[in-house]
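So the chains spell out like this:
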Amino acid sequence: MALNYIWIAFFVIAFVVALIKLLFMGDVEIFTQLMNATFDSSTNAFEIALGLTGLLAFWLGIMKVGENSGMIQSLSNFLSPVFCRLFPDIPKGHPAMGSIFMNIAANMLGLDNAATPMGLKAMKELQDLNPQKDTATNPMIMFLVMNTSGLVIIPITIMSYRAQMGAAQPTDIFIPTLLTTTFATIVGVAAVGISQHINLINKPILILIGCIALLFSSLIWLSFHISKDAMGTYSTLAANIILFVIILLFLLYGWRKHINVYDSFIEGAKEGFTTAVRIIPYLVAFLVGIGVFRASGALDMIVGAIGSFFALFGVDTSFVGALPTALMKSLSGSGANGLMIDAMKEYGPDSFVGRMSCVARGASDTTFYILAVYFGSVGITKTRNAVGCGLLADFAGILAAIFFSYLFFF
């Protein structure tokens, strides 16, 4: 229901803003821009789905090998102590646990292309446990919020953009992004845990938090003891090695268990095509809504109003230049990337606004895209509080991005 109101609001707000521009500002091109946005966004939605087809086919094929060989089951058993606390409604040892872990691991490494197929596989397995096929279950909501909060250890893509834009130190956003995304994830998981009455204060989860803190501390220590160029090179290399090793392990484990690895892969790959086709209507719906909202200038008006509000109280408004990226990331990943690049072009990649735009972009994922694709892939129409918890994590990420950017760069 929440997505229904939000989607309608995109069009209503866009129309009202466009009408004001036409009547009071004489902008006779505004409705042409809105219609062009609908055409461009529709085409973009199809191209995204088409681009996902090959990736989905490959990764769902690999996941099917893992499922038929029993490796996913082994992962589920290994992760059971922690994941059973976060997902108490999933039966112990269910293969969904392994798929969820693979998705989260790929996200943490910044491997979006690998994370999406694994996430769709996890959603399909969670849907198998769902007694009400049109309504999101508690595990689905927890899983979606963990995705939208976007815990990323190595923001490879963001650092690559900074290097392309000529930043003196492309990796200088590494630590603030790490801290920001961690804060957003903690808030998102806590919000879901409270709403679902999950006890998050227990030994397995505290041990996991300790391990994550140790890992983060090690990464921060490394960032101060190796060159910035080496940090970017090693981060990319490590992520790609881990990803290829995962593929190899799945294939060799299947061979060791004497299954037909090739036939299993083909069986899973076939699911990739049907999944890509299934998500097209959901992508078209939301990308068009977001496109007209952005084209109308409504986003710019919101950002301007925020800046004016804080200026009244004498608060420094340097962060306002990065807010378009911070707000857009909940709506459109490509749109947020474009605004981030624009901010670096206008203010400079090493400026406060340029850096904060990168921190905000890397701190969480594209909430509405994930909701549309993941829920759409299994036909979920009643999202319950998934949107609210996801947006709360986004808001926490924006506040954290502002705080840590001021702390490190101002």
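As shown above, the structure is provided for reference.
Report on the accompanying structure.

## Focus: empty space enclosed by the protein
Following the criterion strictly, the structure yields two cavities of 30 Å³ or more and no others. In this model, the second largest cavity occupies a volume close to 30 Å³. Broken down by secondary-structure element, the contributors of at least two residues to the lining of the second largest cavity are α11 (261–295) and α16 (367–378). No other element matches the five residues that α11 contributes to the lining of the second largest cavity. Class assignment of the residues belonging to the lining of the second largest cavity gives a composition of eight nonpolar, no polar and no charged.

## Remarks on helix α12 (residues 298–312)
Over its 15 residues, α12 extends 21 Å from the first C-alpha to the last, a length consistent with the 21 Å expected when each residue adds 1.5 Å. Count one or two residues on from α12 and you reach G314, which has phi positive near 75 degrees.

## Considering the packing of aromatic side chains
The geometry of an aromatic ring pair is captured by the separation of the ring centres together with the interplanar angle, meaning the angle of the planes. Tallied over the full model, the rule gives 12 aromatic pairs. Relative to F11, the ring of W7 has its centre 5.1 Å away and its plane inclined at 75 degrees; by these criteria the two rings are edge-to-face. Of this pair, W7 and F11 both sit in helix α1 (residues 2–25), separated by four residues, roughly a single helical turn. Judged by its relative accessible area of 31%, W7 falls in the partly exposed class.

## Comments concerning the pattern of salt bridges
According to the stated counting rule, one finds three salt bridges in the structure shown. Between D134 and K382 there is a salt bridge, with the nearest N and O atoms lying 3.6 Å from each other. You can see D134 sitting in the loop between α5 (112–128) and α6 (138–149) and its partner K382 sitting in the loop between α16 and α17 (386–409), a full 248 residues away along the chain. A relative accessible area of 30% means that D134 is categorised as partly exposed. Here D350 ties to R162 by a salt bridge, and the two come within 3.3 Å at their closest N and O atoms. Here D350 is found in the loop between α14 (333–347) and α15 (352–363), whereas its partner R162 is found in helix α7 (residues 156–164), with 188 residues between them in sequence. Look at R162 and you get buried, because its relative accessible area is 0%.

## Notes on the environment of T185
One can find T185 in helix α8 (residues 174–195). By relative accessible area, which is 11% here, T185 ends up buried. For the pair T185 and N385, spaced 200 residues apart in the sequence, the C-alpha separation amounts to 16 Å.

The rules behind each value
- Residues numbered from 1 in each chain as written.
- Predicted model: local features only at pLDDT ≥ 70, side-chain atom pairs only at ≥ 80, totals over all residues.
- Heavy atoms only, no water.
- 1 Å grid on protein atoms, 1.4 Å probe; cavity = no way out; pocket = protein on both sides within 12 Å on 5 of 7 lines; lining within 4 Å.
- Points joined across faces, edges and corners; volume = space filled by probe spheres on them.
- Helix = DSSP H or I, 4+ residues; strand = E, 2+ residues; numbered from the N terminus.
- Nonpolar A, V, L, I, M, F, W, Y, C, P; charged D, E, K, R; others polar.
- Expected span 1.5 Å × (residues − 1).
- Phe/Tyr/Trp six-rings, centres within 6.5 Å; stacked < 30°, edge-to-face > 60°.
- Buried < 20%, exposed > 50% of the residue type's maximum accessible area, 1.4 Å probe, protein only.
- Salt bridge = Lys/Arg side-chain N within 4 Å of Asp/Glu carboxyl O.

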